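Chain by chain, the residues:
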Amino acid sequence: MEQKKLTCIVCPMGCTLTVTLDGGKVQSVSGNTCPRGAKYGEEECTHPTRTLTTTMKVEGKDMVSVKSASPLPKEHLFDYMKLLNKVELKSPIHIGDVVLKNIGGTGIDIVATKSVF
């Protein structure tokens, strides 16, 4: 049995979670004050994800801020960043535009969070 201590980031409470694992499988999560904390603890130990936020180049303009439409697998974030750094977008770009579909074959799009004209 292995135990991991985590600070939950789902809400401002910041509960200290203890996740007990056996052979990489979650046996229990304790320390959470809500069910969302238990879910976070389990996912963080088995398949951590993060929303990717960054900027991308726009041809002849400044950068545009972007984010993933949904959380992406944490272990591949640097690969996705390398991919995004190779892309130069063309203006106009409107807030909410999908600037890159299906990043890394995940089915998750990259969306503009700012307009650039």
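Just so you know, these numbers come straight off a predicted model, no measurement behind them. (Residues numbered from 1 in each chain as written. Predicted model: local features only at pLDDT ≥ 70, side-chain atom pairs only at ≥ 80, totals over all residues. Heavy atoms only, no water.)

**Some remarks on unusual backbone geometry**
Put simply, the rule is: Starting at the N terminus, helices and strands are each numbered in turn, a helix being any DSSP run of H or I of at least four residues and a strand any DSSP run of E of at least two. Partly exposed residues are those whose accessible area sits between 20% and 50% of the maximum for their type, while under 20% is buried and over 50% is exposed, using a 1.4 Å probe and protein chains only.
Following Ser91, the chain continues to Pro92 via a peptide bond in cis, the omega torsion being 5 degrees. Structurally, Pro92 can be placed in the loop between β8 (88–89) and β9 (98–100). In this structure, Asn102 takes a positive phi of about 55 degrees despite not being glycine. Tracing the chain through its elements places Asn102 in the loop between β9 and β10 (110–112). The exposure class of Asn102 is partly exposed, given its relative accessible area of 39%.

**As for helix α1 (residues 35–46)**
Rule in force here: For a helix, the expected span equals 1.5 Å multiplied by the number of residues minus one. The arc in question is traced by the directions running from the helix axis to the C-beta atoms. We call two residues contacting when some pair of their heavy atoms lies within 4.5 Å.
End to end, α1 covers 17 Å across 12 residues, agreeing with the expected 16 Å (1.5 Å per residue, within 8%). Inspection of α1 places Gly37, Tyr40, Gly41, Glu44 and Cys45 among the buried residues, and these make up the whole buried set. Summarising the axial view, the buried residues of α1 lie within an arc of 115 degrees, below the 170-degree limit, and thus occupy one face. Turned more than 90 degrees away from the buried face of α1 sit Pro35 and Lys39, all of them exposed. The inward-facing, buried residues of α1 contact β1 (2–7), β2 (16–22), β3 (25–30) and β4 (49–50).

**Observations regarding the nonpolar core**
Cut-off, in case you're wondering: Buried residues of nine kinds, namely Ala, Val, Leu, Ile, Met, Phe, Trp, Tyr and Cys, make up a nonpolar core once their side-chain atoms join them within 4.5 Å.
Met56, Val64, Val99 and Ile110 are the most contacted members of the largest nonpolar core, which totals 18 residues. If you list the elements that add at least two residues to this core, you get β5 (53–58), β6 (64–68), α2 (77–85), β9 and β10. Here this core takes 3 residues from α2, the largest share from any one element. Leave out the neighbours within four places in its chain, and Val64 touches Thr54, Thr55, Met56, Val58, Leu89, Ile93, Ala112, Lys114 and Val116. By size, the runner-up hydrophobic cluster in this structure holds 8 residues, among which are Cys15, Leu17, Tyr40 and Cys45.

**Here we look at the environment of Thr49**
Checked against the element boundaries, Thr49 lands in strand β4. As for Thr49 and Leu72, which are separated by 23 residues in sequence, their C-alpha atoms are 5.1 Å apart. When sequence neighbours within four positions are dropped, the list of residues in contact with Thr49 reads Pro71, Leu72, Pro73 and Lys74.

What is shown is where atoms sit, not what they do.
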